[in-house]
Amino acid sequence: MYNNDIGSKNLIASQALDLLNRVFQGETVRQEIHNPKDGRWYFVTNMPISIDQERVSKLVLVTDINDHKMALAQIKRHRDQLENEVKQRTAELQEINAKLRQEIEERKAVEKFLRESETKYRELVQNANSIILRFDTHGRITFFNEFAQRFFGFKEEEIIGQHLVGTIIPEQASSGHDLRAMVQDFFLHPERYENNENENICRNGKRVWVAWTNKAIRDSHGKISEFLSVGIDITERKRAKERIHALTQQLIKAQETERQRISRDLHDHLAQDLSSLK
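Here's what I pulled together on the structure shown here. These numbers come from a predicted model, not from an experiment.

What counts, and where the lines are drawn
Residues numbered from 1 in each chain as written. Predicted model: local features only at pLDDT ≥ 70, side-chain atom pairs only at ≥ 80, totals over all residues. Heavy atoms only, no water. Patch = residues over 30% accessible without salt bridge, like charges linked within 9 Å, V, L, I, M, F, W, Y side chains within 5 Å. Areas by Shrake-Rupley, 256 points an atom, 1.4 Å probe, with all protein chains shown as cover. Salt bridge = Lys/Arg side-chain N within 4 Å of Asp/Glu carboxyl O. Helix = DSSP H or I, 4+ residues; strand = E, 2+ residues; numbered from the N terminus. Pairing = 2+ DSSP bridges. Axes fitted to C-alpha atoms, helices over the stretch in contact; angles between N-to-C directions. Contact = heavy atoms within 4.5 Å. Phe/Tyr/Trp six-rings, centres within 6.5 Å; stacked < 30°, edge-to-face > 60°. Buried < 20%, exposed > 50% of the residue type's maximum accessible area, 1.4 Å probe, protein only. Lys NZ or Arg CZ within 6 Å of the ring centre and 35° of its normal.

**A look at a nonpolar patch on the surface**
A surface patch of nonpolar side chains, amounting to about 290 Å² of accessible area, comprises M47, I49, L59 and L61. Relative to the assigned elements, I49 resides in strand β2 (residues 40–50).

**Focus on the sheet that holds strand β4 (residues 131–136)**
The pairing of strands in a sheet comes from backbone hydrogen bonds and takes either a parallel or an antiparallel form. Pairing is antiparallel across the open sheet formed by 5 strands, whose spatial order is β5-β4-β8-β7-β6. Single-partner strands in this sheet number two, and they are β5 (141–144) and β6 (195–201). When the angles between neighbouring strand axes are averaged without regard to direction, this sheet yields 30°. Note that β4 and β5 share 3 bridges and pair antiparallel. Residue pairing across strands places L133 opposite F144, the latter belonging to β5. With respect to the sheet, helix α2 (residues 66–103) is in contact with β4, β6, β7 (207–218) and β8 (224–233), its orientation differing from that of β7 by roughly 140°.

**Some points on the pattern of salt bridges**
In this structure the tally under the stated criterion is 15 salt bridges. Close ionic contact of E197 with R89 constitutes a salt bridge, the shortest N to O distance being 3.0 Å. One end of the pair, E197, is in strand β6; the other, R89, is in helix α2, with 108 residues separating them in the sequence.

**Re the packing of aromatic side chains**
All chains considered together, the criterion is met by 10 aromatic pairs. Residues F135 and F186 carry aromatic rings whose centres are separated by 5.9 Å and whose planes lie at 50° to one another, so their mutual orientation is tilted. Taken as a pair, F135 in strand β4 and F186 in helix α6 (residues 179–188) lie far apart in primary sequence, 51 residues in all. Grouping residues by exposure puts F135 and F186 together as buried. Through a chain of ring-to-ring contacts, three or more aromatic side chains come together here, namely F135, F186, F187, Y193 and F227. The ring of W41 carries the charged tip of K69 above its face, separated from the ring centre by 4.6 Å. Positioned above the aromatic ring of W209, the side-chain terminus of K238 is 4.4 Å from the ring centre.

Written out as structure tokens, the structure is:
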């Protein structure tokens, strides 16, 4: 144990000496350093400074980047969670599609439609980026990433400071559901909306569906100060489900019509046979 401590100290001393040599030779050395004492990350810049023609000293600038590091890690966790949810939902949809294909195996036109829909959905999932936005406890948007700007059609200067409702959330869904009331309930009970799907609206009036993962951000006193929301576009999946449901209903109706026709034909044939026996 004693020898290991000596070896570690020697390594640190060697690295420090190497850094000094590089700075004194005129190189600016930048490093990201994790401080084990306070557990935070810092960005350290070591710059050479000439005192006179023969002497060189160094200037050290230290910037606390811990919040930035933690924010990046948090976004990665949310992205990983969303990817897992998408994979699970994709598997569920594929299972449903497989059952439907078995039931309507003889209807080649419907099978072709299902294959095309499934391919489009897989491409959507594989190429999906994420909508990332932040908003305060009054619903005013404070951050809107570039993908969100492209997706919803708003420039950053147009959307920052605006309320969610009336910009990317319509007051009323196409179904008539009161989305303003949903947003009000979100702020009262955010724990109910950690994962939520709802209808949104783009700047040009286009209605879209987004699956959201919402995270409440708390201050040092534990009070919610803002919210972080990460979303993925599920509009095509919603429409595909609606089309599949409509086709299934058509198939059921067609099967019922065919059964009724066969029943009538059997009844007519039996009536004729009985009549001929008399």
